[in-house]
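Fold and contact review
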Amino acid sequence: MLVGWLSIACRLGSVVTGGTDGIGKSYAEELAKRGMKVVLISRSQDKLDQVSSEIKEKFKVETRTIAVDFASEDIYDKIETGLAGLEIGILVNNVGMSYEYPEHFLDIPDLDNMIKKMINVNILSVCKMTQLVLPGMIERSKGAILNISSASGSHPVPMLTIYSATKAFVDFFSRCLHEEYRSKGIFVQSVLPYFVATKLAKIRKPTLNTPSSETFVKSAIKTVGLQSRTNGYLIHAVMGLIISVLPSWLYFKFIIDMNKSTRARYLKKIKKN
Ligand SMILES: NC(=O)c1ccc[n+]([C@@H]2O[C@H](COP(=O)([O-])OP(=O)(O)OC[C@H]3O[C@@H](n4cnc5c(N)ncnc54)[C@H](OP(=O)(O)O)[C@@H]3O)[C@@H](O)[C@H]2O)c1
């Protein structure tokens, strides 16, 4: 199944939002490794140039870059122009932002701006990129859209409330879209990782349950065409099972205690510097 999906899509191109670091960069590399052209979209042109040359050199595939900030709403004409002429087989809606540190809703610094940015980056990007790319996939009766949600989209995470809720949107959006379009040859996947060692997670050192983005994506990409909803990584799936049988009071106590101590550590560090 996997071979089928990826081999057909490989003759086409791929687009990865937030493709210059972490999980997005690892998806871009895995797709390029399978011979796909890759379009990378993120904010910094310098990082885009660097990652796109690395991929071009290592995997001998064509690359394109589009520099935009998904926090803005008026970027989609520029993206459409940047994608012109490319037949897209795989879209990875990966770009996402989280909190600087866990916080109660009303105490989030610059709350107005944070609400807007989080919705634009985590939700609007997924809807608008899908709107741009899906018609071509339907015309060719083939395509995969991989939406990077989060385990916090399947279990609510207090003190990361807006993030967790945006990721629940991504999960529901993906599951509904999959049912709407699978008969037309489109595979939509909701990917729900727990912690992966990246800048966003503020975790540098990978461990068994916090894999590097490379390890995570090598595992997650094997589920394309097989699982429309996945944690992407066996140990994360086991963590999901354990959490789902905990009584909710115990789950929420654990999460809130963990997030309070993360906040305390962060604020202490900021005060010191
Ligand atoms: N890491 C985890 O533990 C974890 C767990 C569950 C889900 N996820 C999800 O996985 C996805 C990727 O996260 P990650 O941890 O790999 O993040 P990351 O390492 O911080 O990488 C983020 C990527 O997105 C780009 N980016 C960030 N903000 C952007 C913006 N406003 N506009 C355009 N591009 C932007 C960054 O490049 P520039 O800075 O140059 O723009 C970079 O290429 C996110 O949706 C996240 O919610 C992550």
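Use the structure listed above.
This write-up is about the structure you can find in this document. Note that the structure is predicted; figures quoted are calculated from it, not measured. (Residues numbered from 1 in each chain as written. Predicted model: local features only at pLDDT ≥ 70, side-chain atom pairs only at ≥ 80, totals over all residues. Heavy atoms only, no water.)

Some thoughts on the overall build of the protein chain
Defined as follows: Strands are runs of DSSP state E lasting at least 2 residues, helices are runs of H or I lasting at least 4, and numbering of each runs from the N terminus. We compute the radius of gyration over the C-alpha atoms and compare it with the globule rule, which gives 2.2 Å times the number of residues raised to the power 0.38. In what follows, residue pairs with any heavy atoms lying within 4.5 Å of each other are defined as contacts. The Shrake-Rupley method, run with a 1.4 Å probe sphere, supplies the accessible areas, and residue values consider only the shown protein chains as cover. Charge assignment in this entry is limited to Lys and Arg as positive and Asp and Glu as negative, and neither His nor the chain termini are counted. By convention, charge coordinates are those of NZ in Lys, CZ in Arg, CG in Asp, or CD in Glu.
When you go through the protein chain residue by residue, the secondary structure sums to nine helices and seven strands. For 273 residues, the compact-globule estimate of 2.2 N^0.38 gives 19 Å, and the C-alpha radius of gyration of the protein chain, at 18 Å, lies within 12% of that figure. For the protein chain, the spread of C-alpha atoms along the principal axes amounts to about 50 × 40 × 30 Å. Of all intrachain contacts in the protein chain linking residues separated by at least 6 positions in sequence, the fraction that spans at least 24 positions is 71%. Here the protein chain has roughly 13,800 Å² of accessible surface; of this, 58% comes from carbon and sulfur atoms. A gap of 7 Å separates the mean positions of the 36 positive and 25 negative side-chain charges of the protein chain.

With respect to the packing of aromatic side chains
The condition is simple: In this scheme Phe, Tyr and Trp rings, the latter by its six-membered ring, pair at centre separations within 6.5 Å, and the angle between planes marks the pair as stacked below 30 degrees, edge-to-face above 60, and tilted otherwise. Relative accessibility thresholds used throughout: buried, under 20% of the residue-type maximum; exposed, over 50%; partly exposed, between the two (1.4 Å probe, protein chains only). Only lysine NZ and arginine CZ atoms are considered, and such an atom sits over a ring when it is within 6 Å of the ring centre and within 35 degrees of the ring normal.
Tallied over the entire structure, the rule returns four aromatic pairs. A ring pair is formed by Phe 70 and Tyr 76, whose centres lie 6.3 Å apart and whose planes are at 50°; its orientation type is tilted. Taking the relative accessible area as the measure of exposure, Phe 70 reaches 3% and is therefore buried. Overall, the relative accessible area of 6% leaves Tyr 76 in the buried class. When the ring centre of Phe 172 is taken as origin, the NZ or CZ atom of Arg 175, which lies over that ring, is 5.3 Å away.

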